[in-house]
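The residues making up each chain are set out below.
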Amino acid sequence: MKIINKILDGKAVSQQIKAEITEIVSKLSSPPKLSVILVGNNFASSVYVKNKSQACIVCGIQSEVITLDENISEAELLKKIHELNQDNHTHGILVQLPLPKQIREDRIIENIDPRKDVDGFHPLNVGHLFLKKAMLEPCTPVGVIEILKRYALPIAGKHVVIIGRSNIVGKPLGIMFLRENATVTYCHSKTRDLPSVAQTADILIAAIGKAQFVTDEFVKTNAVIIDVGINRLPNGKLAGDVDFEKVSPKVSAITPVPGGVGPMTIAILLKNTLKAYQNIMHKK
Ligand code: NAD
């Protein structure tokens, strides 16, 4: 994709990916199916689940949302997961996080069939990611690499600074950048003099969860900025972890929020569902 301006348009790229998926799915003998488990009635989670399910339908992927009571026990949730693991018509299983306090998230993730683990959180997939490449890898980090590649922005040899070391974004993303031959620096809440470290980045990733935290003093002129954050401002609007107004004049490329990494994450989830389907059907 040719860069027309410095905005990395995740919505447009995700539409391109979805069109590619739709084309492949239309030629399959039976549709792939994603089953999403939503426990309780966390508002943000139900919005995410609705968006994922609508995106499936657009691409011809079947989607089932299983809504379970907030007070469900861990054993009951595990039973549901084992049923889905056994179900030949379900190719992808996603348990929307966070889960209520009585349920151990790691226990749940460990019990999802790794072949159906479209979030890429199962320890087997995480292990493969670290060793070489996993069949299913976490959607947001893959989405970040994919948007850079689709805009033909070089990664090899670049210094990538990642602010945030969560298991679902920062940590796996660093491994993926290493695989792409970047030099990677991880930063987190205990990093000293964060703005100075961030300023050394050719590619700066903000995955913190603090609205407009990254200001112009964090960025080098002409750096590439990827804003993973999704935060709700007091006025109800969405904002990223980057102060877009202050930072965008200084950089060569930047993802907006909304319309940047968010839609990429969903597109990669669909891609993972298709991959899981192809892998399961191939081995039948
Ligand atoms: P998390 O809370 O698990 O991790 C946040 C990380 O930021 C931690 O590693 C922490 O050390 C670091 N951090 C916190 N305060 C800091 C500070 N003052 N200075 C430096 N580092 C600091 O969050 P997460 O799950 O990785 O999510 C991060 C953000 O990305 C959130 O806004 C979340 O909503 C968003 N997110 C977006 C998508 C998407 O599809 N776009 C997907 C997942 C998460």
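Reading the values: rules and limits
- Residues numbered from 1 in each chain as written.
- Predicted model: local features only at pLDDT ≥ 70, side-chain atom pairs only at ≥ 80, totals over all residues.
- Heavy atoms only, no water.
- Near = heavy atom within 4 Å.
- Polar contact = N/O pair within 3.5 Å; in protein donor to acceptor, adjacent residues only side chain to side chain.
- Areas by Shrake-Rupley, 256 points an atom, 1.4 Å probe, with all protein chains shown as cover.
- 1 Å grid on protein atoms, 1.4 Å probe; cavity = no way out; pocket = protein on both sides within 12 Å on 5 of 7 lines; lining within 4 Å.
- Sits in = over half its atoms within 2 Å of the grid points.
- Helix = DSSP H or I, 4+ residues; strand = E, 2+ residues; numbered from the N terminus.
- Nonpolar A, V, L, I, M, F, W, Y, C, P; charged D, E, K, R; others polar.
- Buried < 20%, exposed > 50% of the residue type's maximum accessible area, 1.4 Å probe, protein only.
- Pairing = 2+ DSSP bridges.
- Patch = residues over 30% accessible without salt bridge, like charges linked within 9 Å, V, L, I, M, F, W, Y side chains within 5 Å.
- Salt bridge = Lys/Arg side-chain N within 4 Å of Asp/Glu carboxyl O.
- Contact = heavy atoms within 4.5 Å.
- Axes fitted to C-alpha atoms, helices over the stretch in contact; angles between N-to-C directions.
- Points joined across faces, edges and corners; volume = space filled by probe spheres on them.

**So, the site of the ligand**
Part 1 of the reasoning: The environment of the ligand is formed by 22 residues, the closest being Arg165, Ser166, Lys210, Ile230 and Thr265.
Part 2 of the reasoning: At a separation of 3.3 Å, a nitrogen atom of the ligand approaches a polar backbone atom of Val228.
Part 3 of the reasoning: In this structure, an oxygen atom belonging to the ligand sits 2.8 Å away from a side-chain N or O atom of Thr265.
Part 4 of the reasoning: For the ligand, the accessible surface in isolation is 860 Å², of which the surrounding protein chains cover 74%.
Part 5 of the reasoning: At a threshold of 2 Å from the grid points, most atoms of the ligand map onto the largest pocket.
Part 6 of the reasoning: No other element matches the three residues that helix α10 (residues 261-282) contributes to the shell around the ligand.
Part 7 of the reasoning: In terms of residue class, the shell around the ligand is made up of ten nonpolar, ten polar and two charged.

**Thoughts on the pairing of strand β6 (residues 203-206)**
Part 1 of the reasoning: Here β6 shows two buried faces, one formed by Ile203 and Ile205 and the other by Leu204 and Ala206.
Part 2 of the reasoning: The pairing of strand β4 (residues 159-163) with β6 spans four bridges and is classified as parallel. For Val161, the partnering residue across the bridge sits in β6 and is Leu204.
Part 3 of the reasoning: Pairing analysis gives four bridges linking β6 to strand β7 (residues 224-227), with the strands arranged parallel. Counted as the bridge partner of Leu204 is Ile225 from β7.

**Concerning unusual backbone geometry**
Part 1 of the reasoning: Of note, the amide linkage connecting Leu97 to Pro98 takes the cis form, showing an omega dihedral of 0°.
Part 2 of the reasoning: Relative to the helices and strands, Pro98 resides in the loop between β3 (92-95) and α4 (105-110).
Part 3 of the reasoning: A cis amide bond links Val257 with the next residue in sequence, Pro258, at an omega value of 0°.
Part 4 of the reasoning: By the secondary structure assignment, Pro258 is in the loop between β10 (253-254) and α10.
Part 5 of the reasoning: Its identity is not glycine, yet Ala152 carries a phi of approximately 55°, on the positive side.
Part 6 of the reasoning: Note that Ala152 resides in the loop between α6 (139-150) and β4.
Part 7 of the reasoning: According to the relative accessible area criterion, Ala152 is exposed, its value standing at 61%.
Part 8 of the reasoning: Look at Asp193: it is not a glycine, yet its phi comes out positive at around 50°.
Part 9 of the reasoning: Relative to the helices and strands, Asp193 is located in the loop between β5 (183-187) and α8 (194-198).

**Section: a nonpolar patch on the surface**
Part 1 of the reasoning: Taken together, the side chains of Tyr48, Ile230 and Leu238 present a nonpolar region at the surface, about 250 Å² in accessible area.
Part 2 of the reasoning: Summarising the element assignment, Ile230 is placed in the loop between β7 and β8 (231-232).

**Describing the sheet that holds β5**
Part 1 of the reasoning: With respect to topology, five strands assemble into an open sheet ordered β5-β4-β6-β7-β10, the strand pairing being parallel. Looking along the sheet, the strands with just one partner apiece sit at the ends: β5 and β10.
Part 2 of the reasoning: Where β4 meets β5, five bridges bridge the pair, whose relative direction is parallel. The residue bridging Ile163 from the neighbouring strand is Cys187, located in β5.
Part 3 of the reasoning: With respect to the sheet, helix α7 (residues 170-179) is in contact with β4, β5 and β6, its orientation differing from that of β5 by roughly 170°.

**Notes on empty space enclosed by the protein**
Part 1 of the reasoning: This model, assessed by the stated rule, comprises one cavity of 30 Å³ or more.
Part 2 of the reasoning: Here the largest cavity defines a volume of roughly 50 Å³.
Part 3 of the reasoning: Around the largest cavity, the lining residues are Ile93, Leu94, Val95, Leu97, Ile109, Ile112, Asp117, Asp119 and Phe121.
Part 4 of the reasoning: Per-element tally for the lining of the largest cavity: the top contributor is β3, with three residues.
Part 5 of the reasoning: Its residues placed into classes, the lining of the largest cavity shows seven nonpolar, no polar and two charged.

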